[in-house]
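# Observations on the model geometry
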Amino acid sequence: MNTHINRAVSSAPAKVILFGEHFVVYNNPAIVAAINRRIRVSAQLNDMSRVNIKSGENSLCVPVNSNDSDILSHDNSSISLFPIFKCVKHVFEEKNLVNVGVNLEIESQIPHGEGLGSSAASCVSTVAALYSLFSDLDKNQIYETARLMEQNIHTNSSGVDCYVSTFGGIVNFEPEKGFSKIRPKKKFTLLIGTSGIKHSTGKVVSQVRQFRQKNSSFFDDLSAKAHLICKKAISSMNEGNESELGSLLTENHNLLSILGVSHPEIEKLIKICLDNGALGAKLTGAGKGGAVIALIPNDSSKEILAKISRGPGKWILVEFDYDGVIPV
Ligand code: MEV
């Protein structure tokens, strides 16, 4: 075995989808940004041929050669770590590792199941830590593998979450053209509110698939509107037009509500934002719970945060992250 170092630590950021979630799964664009909340993974090889994963309250300790059904017959705490186990298996097979195992410790600042990309960031950070044991970080390789591993969480993944967690920044994704960076003319202040209602991205994505099957031409109309919103949002960012950007967020949210992926608690949080001076607000990520984002004027962010925080939801002001995955 040719290792580079014995222990490696990586950290990858959470993300918010600013525009285009769900529609992106069906060949439409999305605008996604990495934010300054991270998942840190430390990887250390062991000579017991075991995979030992610890992540908050959850843990999984199994032989490296366990198969998927062994893991999936465990309790929910272990099953939640199945995608991480798959990352280990993938890298170990790629590197032809035998008679060796790994201890992984995962520390997260990202609430799980709330649309902020914790699953993608944990795959990106795990894959990065594992590869770092053998060579220097190669972000393209990390993205390709993490994207493949995210399919263990939901099979229809567009890959945007893993991309932005790997490379950072604000990114426009157009399925036919690929990813391009957006550099807004001015700083935008973004507020995130989590509802505490967890969702399964895979389930919500398949509900949307059913909606699309039943309402194909209506879905196409909504997609065309979402596509146009993304185009306008890029211009607003390039021009630094925050009031237009805010209105576009709310317009995008209305399309997601029509798709059926909102939730009464999410609607409540959005109303609170709009009633208290936000320029626009929408759900972010898969929906059916999870988080909302609100654009608020730069010059009154603290006052607005204070007012909004009096109601339900947990609120934080976030900054965009331009580093993506990094060694620690
Ligand atoms: C989940 O964060 C975003 C979705 O659009 C799914 C995906 O893009 O893979 C709902």
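What counts and how
- Residues numbered from 1 in each chain as written.
- Predicted model: local features only at pLDDT ≥ 70, side-chain atom pairs only at ≥ 80, totals over all residues.
- Heavy atoms only, no water.
- Helix = DSSP H or I, 4+ residues; strand = E, 2+ residues; numbered from the N terminus.
- Rg over C-alpha atoms; globule rule 2.2 N^0.38 Å.
- Buried < 20%, exposed > 50% of the residue type's maximum accessible area, 1.4 Å probe, protein only.
- Areas by Shrake-Rupley, 256 points an atom, 1.4 Å probe, with all protein chains shown as cover.
- Lys, Arg positive; Asp, Glu negative; His and termini not counted.
- Charge placed at Lys NZ, Arg CZ, Asp CG, Glu CD.
- 1 Å grid on protein atoms, 1.4 Å probe; cavity = no way out; pocket = protein on both sides within 12 Å on 5 of 7 lines; lining within 4 Å.
- Points joined across faces, edges and corners; volume = space filled by probe spheres on them.
- Nonpolar A, V, L, I, M, F, W, Y, C, P; charged D, E, K, R; others polar.
- Axes fitted to C-alpha atoms, helices over the stretch in contact; angles between N-to-C directions.
- Parallel < 35°, antiparallel > 145°, perpendicular 65-115°, else oblique.
- Left-handed = near helix turned anticlockwise from the far one by under 90°.
- Contact = heavy atoms within 4.5 Å.
- Pairing = 2+ DSSP bridges.
- Expected span 1.5 Å × (residues − 1).
- Polar contact = N/O pair within 3.5 Å; in protein donor to acceptor, adjacent residues only side chain to side chain.
- Near = heavy atom within 4 Å.
- Sits in = over half its atoms within 2 Å of the grid points.

### Thoughts on the overall build of the chain
Per the secondary structure count, the chain includes 11 helices and 12 strands. Computed over the C-alpha atoms, the radius of gyration of the chain is 20 Å, within 12% of the 20 Å expected from 2.2 N^0.38 for a compact globule of 328 residues. C-alpha extents for the chain along the principal axes are approximately 60 × 45 × 40 Å. By the burial criterion, 54% of the 328 residues in the chain qualify as buried. Summing over all exposed atoms, the chain offers an accessible surface of approximately 14100 Å²; the carbon and sulfur share of this is 47%. Averaging the positions of the 34 positive and the 32 negative side-chain charges in the chain gives two centres separated by 3 Å.

### Things to note about empty space enclosed by the protein
Counted under the stated rule, the structure contains 1 cavity of 30 Å³ or more. Looking at the largest cavity, its volume works out to about 60 Å³. Considering the residues around the largest cavity, the lining is formed by L18, F19, F188, L190, M237, L245, L249, L295 and F320. Of all the elements in the fold, those that place two or more residues in the lining of the largest cavity are β1 (7-19) and α9 (242-259). Classifying every residue of the lining of the largest cavity gives 9 nonpolar, no polar and no charged.

### A few points about the packing of helix α3 (residues 82-94) against helix α4 (residues 118-132)
Axis separation between α3 and α4 bottoms out at 10 Å; the angle between their running directions is 30 degrees. Here α4 runs roughly parallel to α3, going by the angle between their axes. For the pair α3 and α4, the sense of crossing is right-handed. Note on element contacts: α4 touches α3 through S122, C123, T126, V127, L130 and Y131, opposite P83, I84, C87, V88, H90, V91, F92 and E94. Taken together, the residues of the contact of α3 with α4 sort by class into 10 nonpolar, 3 polar and 1 charged.

### Some details on the pairing of strand β5 (residues 101-108)
Inspection of the sheet shows strand β2 (residues 30-46) paired to β5 by 8 bridges, in the antiparallel sense. Bridged to A43 within β5 is L104. Pairing of strand β3 (residues 50-55) with β5, which is carried by 5 bridges, proceeds in the parallel orientation. Paired with I53 across the bridge in β5 is L104.

### Some words on the layout of surface pockets
Computed from the structure, the largest pocket encloses a volume of approximately 990 Å³. Contributing to the lining of the largest pocket are 48 residues, with H112, G113, S118, S119 and I153 lying nearest its centre. Contributions of two or more residues to the lining of the largest pocket are made by β1, α3, β5, α4, α6 (160-167) and α7 (201-214). For the lining of the largest pocket, the element with the highest residue contribution is α4, accounting for 5 residues. Looking at side-chain class alone, the lining of the largest pocket contains 18 nonpolar, 24 polar and 6 charged residues.

### Some points on the environment of G196
Within the fold, G196 resides in the loop between β8 (189-194) and α7. Once the C-alpha coordinates of G196 and E319 are considered, the two residues, 123 residues apart in sequence, prove to be 21 Å apart.

### A short note on helix α5 (residues 139-150)
For α5, which comprises 12 residues, the first-to-last C-alpha distance of 16 Å matches the rise-based estimate of 16 Å (1.5 Å per residue) to within 8%. Residues of α5 that are buried: I142, Y143, T145, A146, M149 and E150. Between the side-chain oxygen at the start of α5 and the backbone nitrogen of N140 there is a gap of 3.1 Å, and the oxygen is on D138.

### Here we look at the site of the ligand
With respect to spatial proximity, 14 residues lie near the ligand, and among them K15, H22, H154, S158 and D161 are the closest. In this structure, S158 approaches the ligand through a side-chain N or O atom, which is 2.6 Å from an oxygen atom. A distance of 2.9 Å separates an oxygen atom of the ligand from a polar side-chain atom of D161. Taking 300 Å² as the accessible area of the ligand by itself, protein coverage stands at 98%. For the ligand, the cavity whose grid points lie within 2 Å of the majority of its atoms is the largest pocket. Mapped by element, the contributors of at least two residues to the shell around the ligand are β1 and α6.

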